[in-house]
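Remarks on the overall topology
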Amino acid sequence: MSHKRPEFSGAEGEDINESPAKKKRSLDMYRAFAPKEQELLKTYGNMESRIRKVLNTMYEKLTNSLSQDNISKKIKYLQNRLLTLKIKSSLDPIYIGLFGSTGAGKSSLFNAIIDQQFFLPVSGNQACTSCIVQVSSSQSKNYEAKIHLLSLQEWKEELKNLVELVQKAREEEEEEEEEEEEEDDVGEAVQKLRALYGRDAETRSYEDLLRAKPLVNIPALNCIPLRGAQAKELSDKLDPYIRSQSNKDEEEPALDEEKAKMRLWPLIKYVEVTIPKSDMIPEGVVFMDIPGTGDYNSKRDEMWKESINKCSVIWVISDIERVLGDKVHEVLLTQSIKAYQGGMCSDIALVVTKSDKLELEEYRRERKEKNKPVETEHDAILERNTIVKGKKSDGMKKKLRRILPSDSEILNKADLVYTVSAKEYWREKYITKEESEIPKLREYIRKICLKEKEKLLMDYVAEAFSIVLLAKNFSSTGDMDHCQQSGLEDFVKDKIGALEKEIEKCFAQLEPPLNEGVKKARLSHQDAFSRLLTRDTGYRGFHRILKAVCQKNGVYASRNVARIDLNGALAQPIYDKIDPMFANIFRIQKGTRASLKPCLDMFKDSMQEKIGEVVKKRQVTSDHCKLNFFTGETNHILRTIEKEILKKMAIYASLSLSIQSDLKPYYEEAAKIHGLRSCQRMQNTLRESIEKKTEDGMFETAKKEMNRQLQELKDYIVTKLQTDISSIFQFALPHQEKLTEKLPDLQNECQEIERIHKTLQGK
């Protein structure tokens, strides 16, 4: 969609009476955009503002001129629609997830994007807490934050798990008569207990700790508000909460206020940060710093999954050394692709950080291109960036092609990989700001915002225009009996029936790959178990991981170990088979006849074609108004359905959730095992249970659950259309019922909205 400024005159254009203060506020709203983009957005803003004012005037006229005690259902419907639309949000939040492990450079990257070098604390010698940090701009002049803490009940659950983990480790060390270094989750559990209850807290019982008074006062409201007039002021206040102060384990209560804050890190659930209107972040964009592996605490891990699934865009963050070495980013990419399949995500990119980290002599020795010398760090960094981009982009496309149709938009993106350097953005020692690619990421964000703003404005104006047609319809004295004669209601009924059959055919395409996947899963389930939950080099330390997997119903998240999801691994053979077809059916941008969206588009097109035929048969202006209202409302219903389809994409996760539900009793049974050879006994319990449930039809049950949810989605679409279009007929085709009220004169308001609608349609 091209971003050409609409040409129009009148109230929806430049406001000649606009005060200097209002003009300044208007420019402030779009200060993150380039001048031409600002001009376009201001035009959109003026149009939207005029629409809202007109809708408000219509609502007030209706409310003030008619008795509210005796108004008909039709007028009440019109009032409710006006009220809903005039207060409707003009821009849904655009969530951009920064998805990466601790130390990947997420905070440094974000600081560079907002042009505040030391705003969010960055992970250095001290690790940052693994909670989710959410950052957005606001109308406030201050920098603000809310530190959300676990509730009392959530902390009790966490405390019980921490104590069990530590006590179990101690018992096993005593049995083996050998101490083990506490570098894993046990070590982190000890640090959390000591932070709140002091030295040797790990030796105390759960009941004892519940009765004990923490070394720091915990706020009763479970939320700590922070505020600063400047970025540094808030950053200084935020720092003690964001960083995990694991070495602060004094026995005595923390008398110093700053030290007391440092002890609260185990209780932090998530952090919300808002900054004033920014030159760098468009209004409506929400950045989410998402830890790469999830969290051992159930509530935080649930938030972790929810955060990923609501992101419109996911940036997988990995530094240049890790992206060339270990495979952590590959795991994160796989997780992001699942979100792309089953969530709100419509775009993924790999952002490679710390691209300035390069030893020139070492790079010269290792580079393959010997004929073309590299003279400077500048040339070496840019050359390596080009190589990394090519290699990683090819790898991402290979992954995506396995699950997406070949013409998917994401596969044809110019940039799937960005190589950035926050350090060079600030110092420009080896490369320029532009070459650091921070400005390129800002442009990426602006394009997403512009596209979303334009789409939402088009939908908003179309809905407002539909309300205008409804008002004109009520004012009309024309008769619509010939519409009944033309069979419009019967036509719609038949088309909804035809749509239902098309959706059934669409979903039926999943049946063959589902069946193939179930067969594959039945044959490979023990391989999945062995790959995740067995070890060739002994069981020291692993028994704790296995115990945690059982306690968490097959899903183990930790900052120290890659995320383990046994349920997902067991379901993976089915996902491998259905992924391409599933992606094609639910693709958002464009589709083939095999997709769900084109089924809805075909229904819409058939409605418009039929309306056109009815209009041609009788050239009556009032009829046109009623029929156009019918078309507009039908389109609005379909847009609502498309949004709901995105929200109902938990269908994708139904396979692994069904398997988890089937195995839950056995996870609980295995979690109770302790004593001699407990690790092997837990493994045997799980292995035998998976074998038994496989024979009992566990994978077939998962398939049935996905089909059940698909059926529910189809029923929702059909019922929504039947119910809402039936209501439209009541208003557009009034039959014998006549309005008892005389509507106020809304002609001027209707003309203004029609003019704006026509302008936008002709853009």
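Owing to the predicted nature of the structure, the values given are computational and were not obtained by experimental measurement. (Residues numbered from 1 in each chain as written. Predicted model: local features only at pLDDT ≥ 70, side-chain atom pairs only at ≥ 80, totals over all residues. Heavy atoms only, no water.)

**Section: the overall build of the protein chain**
On a plain count of helices and strands, the protein chain comes out with 27 helices and eleven strands. The buried share among the 763 residues of the protein chain stands at 53%. A sequence separation of at least 24 residues applies to 80% of the contacts in the protein chain between residues at least 6 apart. With an accessible surface of roughly 36000 Å², the protein chain has 48% of that area assigned to carbon and sulfur atoms. (Helix = DSSP H or I, 4+ residues; strand = E, 2+ residues; numbered from the N terminus. Buried < 20%, exposed > 50% of the residue type's maximum accessible area, 1.4 Å probe, protein only. Contact = heavy atoms within 4.5 Å. Areas by Shrake-Rupley, 256 points an atom, 1.4 Å probe, with all protein chains shown as cover.)

**Structural notes on the confidence of the model for the protein chain**
Fine structural detail should not be taken from predicted coordinates in areas where pLDDT scores are low. Per-chain confidence: the protein chain averages 82 in pLDDT, with 84% of residues scoring 70 or above. Note that pLDDT drops below 50 for residues 177-183; the model gives that stretch nine contacts with residues more than four away or on any other chain. Under a pLDDT of 50 for its full length, residues 248-252 has, in the predicted model, 15 contacts with residues more than four places off or in other chains. (pLDDT = per-residue confidence, 0-100.)

**Describing the sheet that holds strand S8 (residues 347-353)**
Spatially, the nine strands line up as an open sheet ordered S4-S3-S5-S2-S6-S1-S7-S8-S9, and their pairing is mixed. Both outer strands of the open sheet, strand S4 (223-228) and strand S9 (417-419), are each paired with one neighbouring strand and no more. Strand-to-strand twist of the sheet, defined as the mean angle between neighbouring strand axes without regard to direction, takes the value 20 degrees. Docked against the sheet, helix H8 (residues 231-242) engages strand S2 (132-138), strand S3 (143-149), S4 and strand S5 (268-276), running at close to 155 degrees with respect to S4. Contacting S8 and S9, helix H14 (residues 377-403) crosses the sheet at an angle of about 155 degrees to S9. (Pairing = 2+ DSSP bridges. Axes fitted to C-alpha atoms, helices over the stretch in contact; angles between N-to-C directions.)

**Concerning the environment of Phe119**
Assignment of secondary structure puts Phe119 in the loop between helix H4 (106-113) and S2. Taking the relative accessible area as the measure of exposure, Phe119 reaches 2% and is therefore buried. Between the C-alpha atoms of Phe119 and Ser107, which are twelve residues apart in sequence, the distance is 8.5 Å.

**Brief notes about the packing of helix H24 (residues 654-671) against helix H25 (residues 678-695)**
Contact geometry of H24 with H25 gives a least axis separation of 9 Å together with a crossing angle of 160 degrees. With respect to each other, H24 and H25 are oriented roughly antiparallel. By crossing handedness, the relation of H24 to H25 is classed as right-handed. Residue-level contacts link Asp662, Leu663, Tyr666, Tyr667, Glu669 and Ala670 of H24 to Met682, Thr685, Leu686, Ser689, Ile690, Lys692 and Lys693 of H25. Among the residues making up the contact of H24 with H25, the classes are represented as seven nonpolar, two polar and four charged. (Parallel < 35°, antiparallel > 145°, perpendicular 65-115°, else oblique. Left-handed = near helix turned anticlockwise from the far one by under 90°. Nonpolar A, V, L, I, M, F, W, Y, C, P; charged D, E, K, R; others polar.)

**Some thoughts on helix H21 (residues 566-585)**
Relative to the 28 Å expected for 20 residues at 1.5 Å per residue, H21 spans 27 Å between its end C-alpha atoms, a close match to the ideal helical length. At Ile578, H21 is deflected by roughly 55 degrees, the largest bend along its length, and proline Pro580 occurs up to four residues later in sequence. For H21, the tally of buried residues reaches 15 of 20 residues, placing the bulk of the element in the interior. Among the residues of H21, the N-terminal cap falls to Asp565, whose side-chain oxygen and the backbone nitrogen of Asn567 are separated by 3.2 Å. (Expected span 1.5 Å × (residues − 1). Bend = angle between axes of the 7 residues up to and from the residue. Polar contact = N/O pair within 3.5 Å; in protein donor to acceptor, adjacent residues only side chain to side chain.)

**Section: unusual backbone geometry**
With phi around 70 degrees, Glu437 is a residue other than glycine that occupies positive phi space. The topology assignment puts Glu437 in the loop between helix H15 (422-427) and helix H16 (438-475). Even without being glycine, Arg677 reaches a positive phi, approximately 55 degrees. Mapped onto the elements of the fold, Arg677 is located in the loop between H24 and H25.

**Description of the pairing of S5**
In the case of a regular strand, side chains alternate between the two sheet surfaces. Judged from the seven bridges that link them, S2 and S5 form a sheet pairing that is parallel. Within S5, the position partnered with Ser138 by the bridge is Pro276.

**Describing the pattern of salt bridges**
Counted by the stated rule, this structure contains 45 salt bridges. Taking the shortest distance from any N to any O, the salt bridge between Glu463 and Lys88 comes out at 3.1 Å. You can see Glu463 sitting in helix H16 and its partner Lys88 sitting in the loop between helix H3 (73-86) and strand S1 (94-100), a full 375 residues away along the chain. Residue classification places Glu463 among the buried positions, given a relative accessible area of 6%. (Salt bridge = Lys/Arg side-chain N within 4 Å of Asp/Glu carboxyl O.)

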